[in-house]
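Survey of secondary and tertiary structure
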Amino acid sequence: MRKTLLLFSTLLLLFSPDLLAQDHEPKFVHEKYRHPTQLIAENMLPDVYELTKLCVNSVTFVRFVVGADGKVKNVACTQNTPAVIAKSLKQTVLTTSGHWLPKEVNGKPVESKPYLLPVMFDVNYGCPKSDKSTNKYEEAMRLVLVFDDGNAADAMECTMLPPMVQRYVKR
């Protein structure tokens, strides 16, 4: 009897739901796209009229977190991102909301650490025929951790997503 009770207690402890729960990072789940950057790149539609005023070649970083409810929040772009690009990026990143399984720790959903999405963009609609867009990659890299929501960091623990390239050119 004592051996049976000991065996039963051991099995109960081994297969306890809390012990079976594994920690995991957020997971992007979509029927068409395997990665959030695919959805963002394909659906980013900046205001064309505003783009016609730009002549710039730069990089921006979009920062966001996935909440315990699987929704995207705290979306921000690095400072000096043209407003038309920042607005479109933020709106499109928010469309990934609802396509994330939240991070889990000890079987409970929690907010993720920040994600950083580098976006290189080249807009030459507003460039005079003789000029090429101004290259601002170096400046953007210096400002990599200064965001338009007023938050800045010397260092940040985050998940870096693969870079995305967007080109808007006259044909």
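The structure reproduced in this document is the subject of the present report. (Residues numbered from 1 in each chain as written. Predicted model: local features only at pLDDT ≥ 70, side-chain atom pairs only at ≥ 80, totals over all residues. Heavy atoms only, no water.)

Section: the pairing of strand β2 (residues 56–66)
- Of all eleven residues in β2, eleven are buried; the element is thus mostly enclosed.
- Bridge count between β2 and strand β7 (residues 115–123): nine bridges; the pairing is antiparallel. Bridge assignment links Asn57 to a residue of β7, and that residue is Asp122.
- Alignment of β2 against strand β3 (residues 72–77), held across four bridges, turns out to be antiparallel. Looking at β3, one finds that Arg63 is bridged to Ala76.
- The hairpin turn running from β2 into β3, its antiparallel successor, is five residues long, and Gly70 in that turn takes a positive phi close to 85 degrees. (Buried < 20%, exposed > 50% of the residue type's maximum accessible area, 1.4 Å probe, protein only. Helix = DSSP H or I, 4+ residues; strand = E, 2+ residues; numbered from the N terminus. Pairing = 2+ DSSP bridges.)

Re helix α3 (residues 36–43)
- Along α3, the residues classified as buried are Pro36, Thr37, Leu39 and Ile40. Down the axis of α3, the sector holding all buried residues measures 160 degrees, keeping them to one side.
- Those residues of α3 that are buried are in contact with β1 (27–28), α5 (83–94), β4 (100–101), β7 and β10 (164–168). (Arc of directions from axis to C-beta. Contact = heavy atoms within 4.5 Å.)

Brief notes about the pattern of salt bridges
- Within the structure shown, the criterion is met by six salt bridges.
- With a shortest N-O distance of 3.0 Å, Glu42 and Lys32 are connected by a salt bridge. Taken together, the residues span a long stretch of sequence, with Glu42 in helix α3 and Lys32 in the loop between β1 and α3 at a distance of ten residues.
- The salt bridge partner of Glu50 is Lys53, with a shortest N-O separation of 3.3 Å.
- Judged by relative accessible area, Glu50 falls into the partly exposed class, the value being 32%. (Salt bridge = Lys/Arg side-chain N within 4 Å of Asp/Glu carboxyl O.)

Quick notes on α5
- With twelve residues, α5 extends 16 Å from end C-alpha to end C-alpha; this agrees with the ideal 16 Å at 1.5 Å per step.
- Every buried residue of α5 is accounted for by Val84, Ile85, Ala86, Ser88, Leu89, Thr92 and Val93.
- Against the buried residues of α5 lie α3, α4 (48–51), β2, β3, β7 and β10. (Expected span 1.5 Å × (residues − 1).)

Some words on the environment of Thr37
- Residue position: Thr37 is located in helix α3.
- It is 6.8 Å that separates the C-alpha atoms of Thr37 and Met164, two residues lying 127 residues apart in sequence.
- In this structure Thr37 touches Leu117, Leu161, Pro162 and Met164, once residues within four positions along its chain are discounted.
- In terms of polar contacts, Thr37 uses its side chain to reach the side chain of His35, at 3.1 Å. (Polar contact = N/O pair within 3.5 Å; in protein donor to acceptor, adjacent residues only side chain to side chain.)

Structural notes on the packing of α3 against α5
- Running from N to C, α3 and α5 cross one another at 130 degrees; their axes reach a closest spacing of 9 Å. For the element pair α3 / α5, the angle class is oblique. The two elements α3 and α5 meet at a crossing, and its hand is right-handed. Note on element contacts: α5 touches α3 through Leu89, Thr92 and Val93, opposite Leu39, Ile40 and Asn43.
- For the contact of α3 with α5, the residue count by class is four nonpolar, two polar and no charged. (Axes fitted to C-alpha atoms, helices over the stretch in contact; angles between N-to-C directions. Parallel < 35°, antiparallel > 145°, perpendicular 65-115°, else oblique. Left-handed = near helix turned anticlockwise from the far one by under 90°. Nonpolar A, V, L, I, M, F, W, Y, C, P; charged D, E, K, R; others polar.)

A word on the packing of aromatic side chains
- Tallied over the full model, the rule gives four aromatic pairs.
- For the ring pair Phe64 and Tyr115, a centre distance of 5.3 Å and an interplane angle of 10 degrees mean the geometry is stacked. Residue Phe64 is located in strand β2, and its partner Tyr115 is located in strand β7; the two are separated by 51 residues in the primary sequence. One exposure class covers both Phe64 and Tyr115, and it is buried. (Phe/Tyr/Trp six-rings, centres within 6.5 Å; stacked < 30°, edge-to-face > 60°.)

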